[in-house]
Amino acid sequence: MFETILIEGLIYGIMVLGLFISYRTLNFCDMTVDGAFPMGGCILAACLLHGIPPFIALIFAFLGGCLAGLCTTILYTKLRIPDLLAGILMMTMLYSVNLRIMNNRANVSFLRIETLFSRIQDFFADKFPSLPGDTGILIFLVIFIVIFKEVLDIFFHTDLGLTMGALGSNEQMIISQGVNPQIVRGIGIAVGDGLAALSGAFCAMFSGFADVGSGTGVVVSGLASLMLGEFILKSNKIGVQTLRVLIGSIIYRALMMLARRYGHFIHLTPNDLKLITGILIVICLIIAKMKRKSTAGGRKC
């Protein structure tokens, strides 16, 4: 159980890092994630069915998500469609695109298809037969996430990363510096949706199948993870902010796992998980609002 929580928390944590870029860094409400997440799994399935190596398939999944994010940015910047509506439109259109990618099939099983995770499991089963089956996947994900987090932290200390952070806070200041905000925003949203697609590809490998409906509610669960992490760690340092994203994702997955396993004691069913997630976000928002009011009141005194 604990091993599964960590694996799911790290996998979905990649998606939450994408939300961190769009929602927190760029202050952009990007609903495209709900379509980009399953898109990653669909692209992975299509690539594996055509004999493309898993690592290359993961790169294609990431690039597919980046393309989806770029299309959302074009709707927002060129057609002047509000960010929320642009994301909803893109999310809706991606459902049909994902079906096309998988040759009009709603899901594809990886039971007889070799994936990256199956290779890792076979390797650890051969070299370390005493270890549990998913230990190799957990070790791989920990190494991958640590390296990726360090790269992301370094990126946010570059000129482009600092400009991206400033864009979410004050767009006029970026314009006054002679920087095109559309380009910076486009890069950020594309990377955010690319991470969502990469997370969806990892999730499909771990689940053993790709499904076009796997992205339903992903944005909401990602926001819940984001808020949980922000309550645990308070800091303006980018390294801590990306760390708390991953911690929040793991805690959220732990809460959902506990609700699925022990919820029957209070008559909860798996159908209530979306309700629990929504209530959790509402509670987080209320607590944050109360904290802001108390802080403002203290300053007045």
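Residues numbered from 1 in each chain as written. Predicted model: local features only at pLDDT ≥ 70, side-chain atom pairs only at ≥ 80, totals over all residues. Heavy atoms only, no water.

Caption draft 1: Structural detail: the overall build of the protein. Looking only at helices and strands, one finds twelve helices and two strands in the protein. Reading the helices (α) and strands (β) of the protein from amino to carboxyl end gives α-α-α-α-β-α-α-α-α-α-β-α-α-α. For the protein, whose C-alpha radius of gyration is 20 Å, the value lies close to the compact-globule estimate of 19 Å for 301 residues. With the principal axes as the frame, the protein shows a C-alpha extent of 65 × 45 × 35 Å. A sequence separation of at least 24 residues applies to 78% of the contacts in the protein between residues at least 6 apart. Put simply, the protein shows about 15,200 Å² of open surface, and 66% of that area lies on carbon and sulfur atoms. Placing the 23 positive and 17 negative side-chain charges of the protein at their respective mean positions leaves the two points 9 Å apart. (Helix = DSSP H or I, 4+ residues; strand = E, 2+ residues; numbered from the N terminus. Rg over C-alpha atoms; globule rule 2.2 N^0.38 Å. Contact = heavy atoms within 4.5 Å. Areas by Shrake-Rupley, 256 points an atom, 1.4 Å probe, with all protein chains shown as cover. Lys, Arg positive; Asp, Glu negative; His and termini not counted. Charge placed at Lys NZ, Arg CZ, Asp CG, Glu CD.)

Caption draft 2: Region of the structure containing the nonpolar core. Ranked by size, the top nonpolar core spans 81 residues in total, and within it Met15, Leu44, Leu58, Phe110, Phe117, Leu141 and Phe202 carry the most contacts. In terms of residues, this core owes the most to one element, helix α1 (residues 2-25), which gives 13 residues. Not counting chain neighbours up to four residues away, the residues in contact with Phe117 comprise Ile11, Ile137, Phe140, Leu141, Phe202, Met205 and Phe206. (Core = buried A, V, L, I, M, F, W, Y, C linked by side-chain atoms within 4.5 Å. Buried < 20%, exposed > 50% of the residue type's maximum accessible area, 1.4 Å probe, protein only.)

Caption draft 3: Main features of the pattern of salt bridges. Enumeration according to the criterion identifies four salt bridges in this entry. A salt bridge links Asp153 to Lys149, with the nearest nitrogen and oxygen atoms 2.8 Å apart. Here Lys149 and Asp153 lie together in helix α6 (residues 135-155), a separation of four residues that amounts to about one turn. Neither residue differs from the other here; Asp153 and Lys149 are each classed as buried. Note that Arg185 and Glu171 form a salt bridge whose closest N and O atoms lie 3.1 Å from each other. Highlighted residues: Arg185 in helix α9 (residues 181-207) and Glu171 in helix α8 (residues 171-176), separated in sequence by 14 residues. (Salt bridge = Lys/Arg side-chain N within 4 Å of Asp/Glu carboxyl O.)

Caption draft 4: Region of interest: the layout of surface pockets. Counted as a void, the largest pocket has a volume near 490 Å³. Every residue lining the largest pocket is counted, 21 residues in all, and those nearest its centre are Tyr12, Arg253, Arg260, Leu273 and Lys274. Elements supplying a minimum of two residues to the lining of the largest pocket: α1, α9, α10 (218-232), α11 (238-262) and α12 (273-300). Here the residues of the lining of the largest pocket sort into ten nonpolar, seven polar and four charged. Around the second largest pocket sit 17 residues that line it, and Arg24, Thr25, Gly165, Ile238 and Gln241 are the ones nearest its centre. Going through the elements one at a time, α1, α7 (159-169) and α11 are the ones with two or more residues in the lining of the second largest pocket. Sort the elements by how many residues they give to the lining of the second largest pocket and α7 lands first, with six residues. Considering only residue class, the lining of the second largest pocket consists of five nonpolar, nine polar and three charged. (1 Å grid on protein atoms, 1.4 Å probe; cavity = no way out; pocket = protein on both sides within 12 Å on 5 of 7 lines; lining within 4 Å. Points joined across faces, edges and corners; volume = space filled by probe spheres on them. Nonpolar A, V, L, I, M, F, W, Y, C, P; charged D, E, K, R; others polar.)

Caption draft 5: Structural detail: the side chain of Asp153. A relative accessible area of 9% means that Asp153 is categorised as buried. Reaching out from Asp153, the side chain makes a polar contact with the side chain of Lys149 at a distance of 2.8 Å. Ignoring sequence-local partners within four residues, the contact set of Asp153 consists of Ile238, Gly239 and Thr242. (Polar contact = N/O pair within 3.5 Å; in protein donor to acceptor, adjacent residues only side chain to side chain.)

Caption draft 6: Local environment of unusual backbone geometry. Of note in this structure, Arg80 is not a glycine but carries a positive phi near 60°. Within the fold, Arg80 resides in the loop between α3 (54-77) and α4 (83-101). In this model, Asn103 sits at a positive phi of 60°, which is unusual for a non-glycine residue. Along the chain, the position of Asn103 falls in the loop between α4 and β1 (107-109).

Honestly, that's just the spatial picture; any functional story needs more than this.
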